[in-house]
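Structural characterization, general
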Protein chains: 2
Amino acid sequence: PLTDSFSELIWESILFSGISSATPTEEMNGAGNLMDFLDEPLPDVGTYEDFHTIDWLREKSRDTDRHRKITNRSKESIWEFVKSLLDAWSGWVVMLLIGLLSGTLAGVIDLAVDWMTDLKEGVCLSAFWYSHEQCCWTSNETTFADRDKCPQWQKWAELMTGHTESAGAYVLNYFLYVLWALFFSFLAVSLVRVFAPYACGSGIPEIKTILSGFIIRGYLGKWTLLIKTVTLVLAVSSGLSLGKEGPLVHVACCCGNLFCSLFSKYSKNEGKRREVLSAAAAAGVSVAFGAPIGGVLFSLEEVSYYFPLKTLWRSFFAALVAAFTLRSINPFGNNRLVLFYVEYHTPWYMAELVPFILLGVFGGLWGTLFIRGNIAWCRRRKTTQLGKYPVLEVIVVTGITAILAFPNPYTRRSTSELISELFNDCGALESSQLCDYINNPNMSRPEDDIPDRPAGPGVYMALWQLALALIFKIVITIFTFGMKIPSGLFIPSMMAYHHHDWIIFKNWCRPGADCVTPGLYAMVGAAACLGGVTRMTVSLVVIMFELTGGLEYIVPLMAAAVTSKWVADAFGKEGIYEAHIRLNGYPYLDQDEFTHRTLATDVMRPRRNEPPLSVLTQDSTTVEDVETLIKETDYNGFPVVVSRESERLIGFVQRRDLILAIKNARQKQDGVVSNSVVYFTEDAPQLPASNPQPLKLRRILNLSPFTVTDHTPMETVVDIFRKLGLRQCLVTRSGRLLGIITKKDVLRHMAQMMNQDPESIMFN
Amino acid sequence: PLTDSFSELIWESILFSGISSATPTEEMNGAGNLMDFLDEPLPDVGTYEDFHTIDWLREKSRDTDRHRKITNRSKESIWEFVKSLLDAWSGWVVMLLIGLLSGTLAGVIDLAVDWMTDLKEGVCLSAFWYSHEQCCWTSNETTFADRDKCPQWQKWAELMTGHTESAGAYVLNYFLYVLWALFFSFLAVSLVRVFAPYACGSGIPEIKTILSGFIIRGYLGKWTLLIKTVTLVLAVSSGLSLGKEGPLVHVACCCGNLFCSLFSKYSKNEGKRREVLSAAAAAGVSVAFGAPIGGVLFSLEEVSYYFPLKTLWRSFFAALVAAFTLRSINPFGNNRLVLFYVEYHTPWYMAELVPFILLGVFGGLWGTLFIRGNIAWCRRRKTTQLGKYPVLEVIVVTGITAILAFPNPYTRRSTSELISELFNDCGALESSQLCDYINNPNMSRPEDDIPDRPAGPGVYMALWQLALALIFKIVITIFTFGMKIPSGLFIPSMMAYHHHDWIIFKNWCRPGADCVTPGLYAMVGAAACLGGVTRMTVSLVVIMFELTGGLEYIVPLMAAAVTSKWVADAFGKEGIYEAHIRLNGYPYLDQDEFTHRTLATDVMRPRRNEPPLSVLTQDSTTVEDVETLIKETDYNGFPVVVSRESERLIGFVQRRDLILAIKNARQKQDGVVSNSVVYFTEDAPQLPASNPQPLKLRRILNLSPFTVTDHTPMETVVDIFRKLGLRQCLVTRSGRLLGIITKKDVLRHMAQMMNQDPESIMFN
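All values reported here derive from a predicted model rather than from experimental measurement. (Residues numbered from 1 in each chain as written. Chains lettered and ligands numbered in written order. Predicted model: local features only at pLDDT ≥ 70, side-chain atom pairs only at ≥ 80, totals over all residues. Heavy atoms only, no water.)

**Structural notes on the packing of helix α12 (residues 270-289) of chain B against helix α13 (residues 292-303) of chain B**
Residue and element names in this part refer to chain B. Threshold: Note on geometry: axes are C-alpha line fits, over the in-contact stretch for helices, and angles between N-to-C directions span 0 to 180 degrees. The numbering of helices and of strands both runs from the N terminus, where a helix is a DSSP run of H or I of at least 4 residues and a strand a run of E of at least 2. By the definition adopted for this analysis, an angle is roughly parallel if under 35 degrees, roughly antiparallel if over 145, roughly perpendicular if from 65 to 115, and oblique otherwise. Handedness of a crossing is defined here by the sense of rotation of the near helix relative to the far one, left-handed for an anticlockwise turn of less than a right angle and right-handed for a clockwise turn. Contact definition: two residues touch when any of their heavy atoms are within 4.5 Å.
Where α12 meets α13, the axes come as close as 7 Å, and the angle between the chain directions of the two elements is 130°. With respect to α13, the element α12 is oriented oblique. Crossing of α12 over α13 shows right-handed handedness. Counted together, Ser278, Ala281, Ala282, Val285 and Ser286 of α12 and Pro292, Gly295, Val296, Phe298, Ser299 and Val303 of α13 form the full contact between these two elements.

**Quick look at the confidence of the model for chain A**
Residue and element names in this part refer to chain A. Keep this limit in mind: pLDDT expresses, on a scale from 0 to 100, how confident the predictor is about each individual residue.
For chain A, the average pLDDT comes to 76, and 76% of its residues sit at 70 or higher. Low pLDDT, under 50, characterises residues 427-431; the stretch is placed with eight contacts to residues that sit more than four places away or in other chains. Within the model, pLDDT remains below 50 along residues 494-515, and this stretch shows 59 contacts once partners closer than five positions in the same chain are excluded.

**A word on the interface of chain A and chain B**
Inclusion rule: Each salt bridge in this description consists of a side-chain nitrogen of Lys or Arg and a carboxyl oxygen of Asp or Glu lying within 4 Å of one another. We call two N or O atoms a polar contact when they sit within 3.5 Å, provided that within protein one can donate a hydrogen and the other can accept it, with sequence-adjacent residues counted only if both atoms are side-chain atoms. Residue polarity is assigned by list, with Asp, Glu, Lys and Arg as charged and Ala, Val, Leu, Ile, Met, Phe, Trp, Tyr, Cys and Pro as nonpolar; anything else, Gly included, falls into the polar class.
Across the boundary between the two partners, chain A contributes 75 residues, which contact 75 residues of chain B. For the interface between chain A and chain B, the tally reads six salt bridges. Lys60 of chain B serves as the salt-bridge partner of Asp719 of chain A, at 2.8 Å between the closest nitrogen and oxygen. Summed over the shared surface of chain A and chain B, the number is 13 residue pairs in polar contact (both at pLDDT 80 or more). Among the elements that make up the side of chain A that touches chain B, the one with the highest residue count is helix α14 (residues 309-329) of chain A (eight residues). By residue class, the composition of the side of chain A that touches chain B is 39 nonpolar, 19 polar and 17 charged.

**Digging into the relation of the copies chain A and chain B**
Applying a rotation about an axis and a shift along it to one chain copy brings it onto the other copy. Rules: The superposition of copies rests on a least-squares fit of C-alpha positions from residues with pLDDT of 70 or more in both.
Rotating chain A by 180° and moving it 0.1 Å along the rotation axis overlays it on chain B with an RMSD of 0.1 Å. Classification of the inter-copy transformation places it as that of a two-fold axis. Within chain A, the C-alpha atom positioned nearest to the axis of rotation is that of Gly735 of chain A, 1.9 Å from it. Interface residue correspondence from chain A to chain B reaches 100%, placing this contact among same-surface, isologous pairings.

**Side note on the packing of aromatic side chains**
Put simply, the rule is: Pairing of aromatic rings covers Phe, Tyr and Trp, the last through its six-membered ring, and needs centres within 6.5 Å; plane angles under 30 degrees mean stacked, over 60 mean edge-to-face, and all others mean tilted.
As enumerated under the stated definition, the model contains 39 aromatic pairs over all chains in all. Ring geometry for Phe195 of chain A versus Trp223 of chain A: centroids 5.6 Å apart, planes at 10°, classification stacked. Of this pair, Phe195 of chain A sits in helix α7 (residues 167-195) while Trp223 of chain A sits in helix α9 (residues 222-237), and the two are 28 residues apart along the sequence. Following the ring pairs from residue to residue traces out a cluster consisting of Trp89, Trp92, Trp313, Phe316 and Phe317 of chain A together with Trp566 of chain B.

**Side note on the UniProt feature "transmembrane region" (unreviewed entry) in chain A**
Residue and element names in this part refer to chain A. Basically, it comes down to this: UniProt positions are given in the numbering used here, feature names are shortened, and annotations may be inferred rather than shown by experiment.
Residues annotated by UniProt as "transmembrane region" (unreviewed entry) correspond here to residues 89-113, 174-196, 248-264, 276-300, 349-371, 391-410 and 462-485. Along residues 248-264 one finds 82% helix and 0% strand; the C-alpha atoms at either end are 26 Å apart. Secondary structure across residues 276-300 comprises 92% helix and 0% strand; the distance between its end C-alpha atoms is 13 Å.

**Considerations on the sheet that holds strand β10 (residues 707-709) of chain B**
Residue and element names in this part refer to chain B. Rules: Pairing between two strands requires that DSSP report at least two bridges joining them.
The three strands are arranged β10-β11-β12 in an open sheet whose pairing can be described as mixed. Lying at the two open borders of the sheet, with one neighbouring strand each, are β10 and β12 (736-742). Adjacent strand axes in the sheet meet at a mean angle of 35° when their direction is disregarded. Inspection of the sheet shows strand β11 (residues 728-733) paired to β12 by six bridges, in the antiparallel sense. Paired with Val731 across the strands is Gly739, a residue of β12. The sheet contacts of helix α29 (residues 714-724) involve β10, β11 and β12, and relative to β12 the element is tilted by about 60°.

**Considering the sheet that holds strand β7 (residues 677-679) of chain A**
Residue and element names in this part refer to chain A. If you trace the three strands from one edge of the open sheet to the other, you get β4-β7-β8, paired in mixed fashion. Because the sheet does not close on itself, it has two edges, and the strands there are β4 (621-622) and β8 (695-696). Direction of pairing for β4 relative to β7: antiparallel, over a ladder of two bridges. Paired with Thr622 across the strands is Val677, a residue of β7.

**Notes on unusual backbone geometry**
Residue and element names in this part refer to chain A. Under the convention used in this document: Partly exposed residues are those whose accessible area sits between 20% and 50% of the maximum for their type, while under 20% is buried and over 50% is exposed, using a 1.4 Å probe and protein chains only.
In this model, Arg605 is joined to Pro606 through a cis peptide bond whose omega is -10°. On the secondary structure map, Pro606 appears in the loop between α26 (600-603) and β3 (616-617). Even without being a glycine, Arg535 presents a positive backbone phi close to 65°. Judged by its relative accessible area of 8%, Arg535 is buried. At Glu647, a residue that is not glycine, the phi angle is positive and equals roughly 55°. Residue placement: Glu647 occurs in the loop between β5 (637-641) and β6 (649-654). Overall, the relative accessible area of 31% leaves Glu647 in the partly exposed class.

**Some details on the pattern of salt bridges**
All names here are of chain B. Considering all chains together, one arrives at 58 salt bridges over all chains under this definition. With a closest N to O distance of 3.9 Å, Lys83 and Glu80 form a salt bridge. Here Glu80 and Lys83 lie together in helix α4 (residues 78-119), a separation of three residues that amounts to about one turn. For Lys83, a relative accessible area of 36% corresponds to the partly exposed category.

**What about the pairing of strand β6 (residues 649-654) of chain B?**
Residues and elements named next belong to chain B. Burial runs high along β6: six of the six residues are buried. In the sheet, β6 pairs with strand β9 (residues 701-702) via two bridges, with the strands oriented antiparallel. Counterpart to Val653 in the pairing with β9 is Leu701.

Okay, structure coming up:
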């Protein structure tokens, strides 16, 4: 949707130049005369076009101005003082609301997913809205050991035919399982297509782009919120290999955007709005894992672009509120904050670092494989016929997933159930097959000595099934992520590796000692795989640390995460989110170092063989000239120079302001005709009455455009664009205007330097 | 030590301009001819004068350049490739070393403090190097209940006179206690004065300033490290009301600086060095509290200025290594990472939020009081005779502290012992007076029902003593912090509030339920007081959370920390560290928003009535002119313009480079005399042989000086200075050079806008 080369120069502009150029006294005296009509509020002042980049400096300046006005006014009356207090508190109110709503939504989603996942297998007779676990908990006939079996819960085949164990019943269950899965995913993909196309995917690449200052209208809207919530439940319940973590971040950001609209402080300032969205992202991760600190660090490390300390503090507040809201809903029934609460009591040994690091290597390799495979598949989807049948694609993938998943008990159940089983230590009362050790009757306290017992056949069986599940998940996830359906990556990635090797260690460690915690291996493997895919580091370790609740296991997690990141980085620097950002061509300026030795002069427009830069002069252009220029070019702004000969820059004027100002002047100001000279100087000369009335436009001129010299190294220019959030920058040499560099030019140049074809990857 | 107005324009400069202005081809062809001698490495290239500000952009640019060179060279041979790998890994090696050394030092300090604190009371007969606890642990005659009493440990009076309980013995113990305290503190202050004056104080204000880009040579040197470690032990052991947390951060930063010197990557680049120091600060907090995540957040929130993601990750690594090194030394004898390990099992109730918030209000008030009182006292110390007798001051304060502290058991012992007693829940085996509840013989399981029992006289006694201890600590800490002795604030602040009010709740809550955890109140009170004093938020809560190891109590902690910050902020925005930075006049540009409506033209030099800016012209200045200018002014750099008439800026040249270049040219280049014309242009014209040889100086010219227009709002200028870490910025209007703004000008202007006298507070 971006038009052309200078499209980064955003069309709209509130009269930033007017604000910044007027000294306080001028402002107070109301210097305006001819131009007073520009002071009237214009309908879409301060908004940006869709798919344009915001100017952070301008947004910040506008907010400071707003704040200044409120502070000045607050001294006038008590009511204004109260209003200023309310304004100061509105940030906290928004955080509170975001926390409450995203916590609630996460709770509802968890409950619904639980119920619908079980619905694929059977139904609760006492109350159909109960999930399997709830059904059996409420039943009186259930003992703790058999807590999964109760008469109220009936599988479909049992309900329909009365048989439970026959081959026919198995086939019927199988068939219905697949059918439900297809139904759910069809519903999800249809809802997304019809009501909210932005509700598909993980959302994190887009949110990263939005937070870096891009506008994608509707991406965080109410409809997206509603549809994403509903379809997320459907998609996860359908058994597709996707998690709800990324989408929960998207949902939380939608909540943030929703509550922004309640306060003009946030709704009218794109910069401030992004501060709220950063905090909302933290709340999203917080509810996804029950890890508030990890959520804040995730937002800081992975998603956010501009993250001042104030936002850090507010994010933490929002994340905590969200986590506690979720806990009070208590969807997991364990009164815990976290999804996979584990409590290990056995220490780990230094020698175990070797398998942990191997897990890290595996995670890194898997991350690379996944990113390459997934990006290749997504590119094929974009460029071939495949992309035209998204519904069919979802149906096919769901069908394959369901058909392959049902026979294996580890893939049949929902991924989060599987992970919590894998993470858990074997206890005496554990019914999982993974804990099927042979009972040694000679032992006095069997529950303490489980790891000493030889593994029973169930364990070997389980290992085979897990290995199959692993391979299956790896392959299917590559095809699933990026489909037109809400999909997250965290959980599938966490899935990936389980304690294949602990069986080796069993023989190795001395008898009588609790020496290996299988759950720990699962957790370390999960961290390694997630690290390989997303390249998160601190936030990943902190999330895992919050899950386990102890500093004890931080070293294994860290070792695996570091190794995984290094291994994956050796094959390619980009994480999955960056890769998707690049695939979609979003204008995202990442934090990597730019190390090439090019200068501003190599990047600026116009190039050597191009026509000269379109400029305006301060006192010799007529209204007609300006109108012609506007008609013939589609640049979003024009530099203003003293004269064409001297080329000395005096300011920058936005296209939209020019159009508005001329239109208004022609309507309201007598004597302004095509022949009138446009003056950007402070005073227009007194002209004889026979000449047409001059048009003074200094107030729409930005008198402080950002400039660099042509000899400035590009690494500095990139740094300036990144840190100051610029949209464009003018290039001068000894005070003469030479050219212009836009954010898009910078991105194009960076792509070129990385030997990528700049045009093919941008904004398509 | 700062000289004059333009001292921000740092004297030295490596040939930044040369690096940045040469295009790649020029560089490869070796364009130098006359100026080749400048390519020779100069002895102190790239270093800054003491008490000057670094240029972040330049440091970054230099590092990129170094990196580029290594990357290019790594393709040449295997040896170069290995070297490039080593270079890439050096950051991690430095982190590892910092973690190991700072963890070890923290462990040694803990052990030494333990021993010397006990030495004030008595001595272990079996081995004099044992502390009280170690002495009794190694004794076989000790039972668990009487673990504080054993024959091997003798108080001084007992050892000398044989009496234990008489009044004479008490007086003798009292006297020796005070004497030891005086001895320790005298030793500490003398060592600091003689060997390392920078070893005094907390160090955090200075480290904040250093990290923001200021140079204080020797502040992080080897001597400071050694003396600070020794005197910290002495100061804490002397019983002064000071903690070891701030100084531990300083010690860790000294370690960081030490290891930087091992790698030229860090030792030769002030920007990179600061990344290491940020990580070291995290390691310092990590060992101070055993809270690695809290340490990283502390570094991020409170100390660091430039904190890229790479540093986040490395800080985390350093903090973890440090914490685990400390744990393996195990100074607390409990195999825990943390200083005050607590484990509460009782939940808290919503109604308890009221006292928690009250604690927050108290903490905020105390913080304000403390900052005001301490700053007033420190200012008096600076301005009156008081400051001339630092040794006497320390002796007097130590004497008063020791005399007042001895009679009260809660002030007699070391502060960290006291805190761990306060934080702890009462158990059945607890010998503390605070747990002196009347034993009810009817109860079957007394240990579970302690909170139900009525309080015994010991509890009331303890409360009185605690109240006295509180008042005493509040007053004495105001006078202690800022003395010429290593002193930290954390622990004294944490001290401040104890469960005065829980006795009320005891009656209020229904019998039979564990309803109030006194230790929790102590902890929340500590968080509130620390929050009020330092204005930390997230890092404070996370540190406390890591101490308790459970998410359960995060809401009380957060409520108290937020309230405390709000209350304290209402009285003044500055935390104690910012207040001390301002008191000492360090050039620290803080992160607060600048909200005034001034423009660059209001701030730039020269002012209206001042002489014009000293500039050089590109082709009409003689060597003699330049030498006169250098002699007559002390500016650290000069803009170069096309001609005095056009005033069009072409670059900026450093004073030091000019001096060096002219000196070299006069020595090595024939025909360069006072009459020679200095050329900054690309080519010097061919002059007749009769004219003196021209001097070409383009290579020392920075062709990309940073410019803003005179109409740029100061809020934007401040933002640019802060985000890009500039030292100076040139001001232009329509391409003409108007003036210059230095970092010092910005700071002076900001002080002026806050109605402070700019000269009185700066750099004194």
